[in-house]
Amino acid sequence: MKKFGFTEYQEDNQLKLAQYFIYESTVVDFSPLDRITLLFDKQNLVGYFHTRNIVIKGFKTHDLVRDHKLSVLETMANQEVKNLKQKRNAYYNSVD
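Structural notes, computed from the coordinates. Bear in mind the structure is a predicted one, so any value in this text is a computation, not a measurement. The residue numbering used here restarts from 1 in each chain and proceeds along that chain's sequence as written. Confidence filtering applies because this is a predicted model: local features only for residues at pLDDT of at least 70, side-chain atom pairs given and counted only at 80 or more, and all residues used for totals across whole chains, interfaces and linings. In computing side-chain properties, one takes all heavy atoms of the structure into account and sets aside hydrogens as well as water.

With respect to the sheet that holds strand 1 (residues 7-9)
Threshold: Strand pairing follows a simple DSSP-based rule, namely that at least 2 bridges must link the two strands. Think of it this way: any DSSP run of H or I at least four residues long counts as a helix, any run of E at least two long counts as a strand, and we number them from the N terminus. In this analysis an axis means a line fitted to C-alpha atoms, helices contributing only their contacting stretch, and an angle means the value between N-to-C directions, from 0 to 180 degrees. We call two residues in contact when some of their heavy atoms are within 4.5 Å.
In spatial order, the strands read 1-2-3-4-6-5; together these six strands make up an open sheet with antiparallel pairing. Two strands in the sheet have a free side with no partner beyond their single neighbour: strand 1 and strand 5 (59-63). Across the sheet, the mean angle from the axis of one strand to that of its neighbour is 25°, orientation sign disregarded. Here strand 3 (residues 34-41) runs beside strand 4 (residues 44-50); their pairing, made up of six bridges, is antiparallel. For L38, the partnering residue across the bridge sits in strand 4 and is Y48. Helix 1 (residues 78-94) rests against strand 2 (18-23), strand 3, strand 4, strand 5 and strand 6 (69-73) of the sheet, and its axis sits at about 155° to strand 6.

Below, the structure is given as structure tokens:
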């Protein structure tokens, strides 16, 4: 993760998932959002927010605002998926 430049996101204590992200290029946006954010429950990847098309077997993709997507394990509870989508959409809508 360090080799690829991921940074741990520590702003959201309510999520209960470890988050590691890479910003989008400043060439694309002067105040970039995340290009990809990996979501871990302990040490297992359970989902990821992303702007590029990424397909991983066993994950289901949901559309978010501002051309972002959320992909989560197909077995993740619907309420948890709904919470992730609501929180991230609110965040994306709140930033410039």
